[in-house]
Amino acid sequence: MTLPATPHDADADPSGTPSLPPNPLTGIVVGIPSYHPSEALLETVRAVQAAGLHEVVVVDDGSGDGYTSFFDEVALLPGVEVLRHPENLGKGAALKTLFAHCRERDDVRGVVTADADGQHLATDVLKVAVSLAGHLVERDSDVAVLGVRDFTLPDLPTRSRVGNRLTTGVVRLLYGQDIPDTQTGLRGFSRGLLDTMLEVRGARFEYEMNALSHLLTYHVRLYQVPIETVYHDHENSQSHFRPVRDSVMIYRGVIRQFVKFVGASLLGALVDVGVFTLVIDAFYDGRSALGAVGGAALVARLVSSLVNYGVNRQAVFDVRRPVTQSLPRYVALAVGIFLLSTLLTSGLGTLWNGHVVRAKIVVDTLLFFLSYLLQKRWVFTPRRTADAG
């Protein structure tokens, strides 16, 4: 599979293989969250160490007494630490336990996460680790690496293929980035990202999607490495992923933000009507003259726009791009949306034989979604983490 370079790859070596210092893997830890493991866990750890990644941390996510022997055997391997949850908390919680542990170790430069069920080959874990180590040499800023599978191959599990295509489309729409494998568990994180990864919401499978959203939102240096696509059977029966429930949790963050955006827009509309009513009654005695209506509408629109801007900035997108940068963009977008609405409503109304109201409903509905995307991707998007400071 040939992967398209992402904008985050702009500073990468054209060959795709960054230059490495002596002992480049020193300080790179492999973390493996595990729940109800099979013999594949021990095989995975041994294979990873044989590939040259000797530091491994396994997190037992509350598997219970019946699986103690698996983890005890793994813990006997040199260079392996086993962290234990007393009860099952979810994959996201296990990853956070891993990150918190590695953050406290001064010798850790980066962490590569891999699954415990054997789906990630040791050679691929090594590829992600080498990429992470190489890019850490090139810069001290935050760096992440994704091991991406090829979902165009035949005979893949249906739920995996459909789920990945859906999330890939959502990511492309919301962030303008092409991530062929949004659900990969094989990822590399620089030490500088560990604090941030601990703050990402989610305790179960939704955590990984939330983490990817955070990386894309904050323009973290993100690199993609092709890996083998491995499944145990057509239904991927060893996965603990629950298609309906976990899919809802994965998209809950996206849905929550859009619902907030709708609420902010409704609040802006109420403010607009309220201020218009107040101004036209207090200053124009309720007259319907063009000057009165125009003056009241202008004041109402200015006030409601500022309210909408403040709510979107603080509560909807929750991104602290300076007001001096985001407010001019918001004003430019608002003016552009207004002009587009006027032009498109007029044109569509003409095509529909004078049904201007119907045309306005259609046009403004489409522009509402466009406004959401542009506010998310342009108005309120933060600066690159490397440039922030």
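Trainee: Looking at this model, I keep getting lost on the overall build of the protein chain. Mind explaining?
Mentor: Looking only at helices and strands, the protein chain has eleven helices and seven strands in total. When the 389 residues of the protein chain are sorted by exposure, 46% land in the buried category. Look at the contacts in the protein chain between residues 6 or more apart in sequence, and 77% of them connect residues 24 or more apart. Only carbon and sulfur atoms are counted for the fraction: they give 61% of the accessible area of the protein chain, which is about 18,900 Å².

Trainee: I'm lost on the side chain of Ser-63 in this one. Help?
Mentor: One can find Ser-63 in the loop between β2 (56–61) and α2 (68–75). By relative accessible area, Ser-63 is classed as buried at 6%. Only 2.9 Å separates the side chain of Ser-63 from the backbone nitrogen of His-36, close enough to count as a polar contact. Among the polar contacts made by the side chain of Ser-63, one reaches the side chain of Asp-60 at a distance of 2.9 Å. Ignoring anything within four residues of it in the chain, the contact list for Ser-63 reads Ser-34, Tyr-35, His-36, Pro-37 and Phe-71.

Trainee: Which parts of the structure should I look at to understand the pattern of salt bridges?
Mentor: A side chain with one charge can pair with a side chain of the opposite charge if their charged atoms come near. According to the stated counting rule, one finds 13 salt bridges in the structure shown. As a salt-bridge pair, Lys-91 and Glu-208 come within 3.2 Å of each other at their nearest N and O atoms. Of this pair, Lys-91 sits in helix α3 (residues 91–103) while Glu-208 is found in helix α7 (residues 206–217), placing the two residues 117 residues apart along the sequence. On the basis of relative accessible area, Lys-91 is assigned to the buried category, the value being 17%. For the salt bridge of Asp-364 with Lys-360, the shortest nitrogen-to-oxygen distance reads 2.8 Å. In this pair, Asp-364 and Lys-360 both sit in helix α11 (residues 356–379), four residues apart, roughly one turn of the helix. The exposure class assigned to Asp-364 is partly exposed, which follows from its relative accessible area of 28%. Salt bridges linked by common partners bring Glu-55, Glu-81, Arg-105 and Asp-107 together as one network.

Trainee: Help me out: how do you make sense of the side chain of Ser-34 in this one?
Mentor: With respect to the helices and strands, Ser-34 occurs in strand β1 (residues 28–34). Judged by its relative accessible area of 3%, Ser-34 falls in the buried class. Among all residues touching Ser-34, those that are not within four sequence positions of it are Leu-41, Val-58, Val-59, Asp-60, Asp-61, Ser-63, Phe-71 and Ala-116.

Trainee: So what exactly am I meant to see when it comes to a positive patch on the surface here?
Mentor: A contiguous patch of positive charge, built from Arg-201, Arg-252, Arg-256 and Lys-260, is present on the exposed surface. The exposure class assigned to Arg-256 is partly exposed, which follows from its relative accessible area of 33%.

Trainee: Sorry, what's going on with the environment of Thr-44 here?
Mentor: Tracing the chain through its elements places Thr-44 in helix α1 (residues 39–50). Using a relative accessible area of 8% as the deciding quantity, one classes Thr-44 as buried. Sequence spacing of Thr-44 and His-120 is 76 residues, and the spatial spacing of their C-alpha atoms is 8.1 Å.

Procedures and definitions
Residues numbered from 1 in each chain as written. Predicted model: local features only at pLDDT ≥ 70, side-chain atom pairs only at ≥ 80, totals over all residues. Heavy atoms only, no water. Helix = DSSP H or I, 4+ residues; strand = E, 2+ residues; numbered from the N terminus. Buried < 20%, exposed > 50% of the residue type's maximum accessible area, 1.4 Å probe, protein only. Contact = heavy atoms within 4.5 Å. Areas by Shrake-Rupley, 256 points an atom, 1.4 Å probe, with all protein chains shown as cover. Polar contact = N/O pair within 3.5 Å; in protein donor to acceptor, adjacent residues only side chain to side chain. Salt bridge = Lys/Arg side-chain N within 4 Å of Asp/Glu carboxyl O. Patch = residues over 30% accessible without salt bridge, like charges linked within 9 Å, V, L, I, M, F, W, Y side chains within 5 Å. Lys, Arg positive; Asp, Glu negative; His and termini not counted. Charge placed at Lys NZ, Arg CZ, Asp CG, Glu CD.

Any link to function would need more than the numbers given here.
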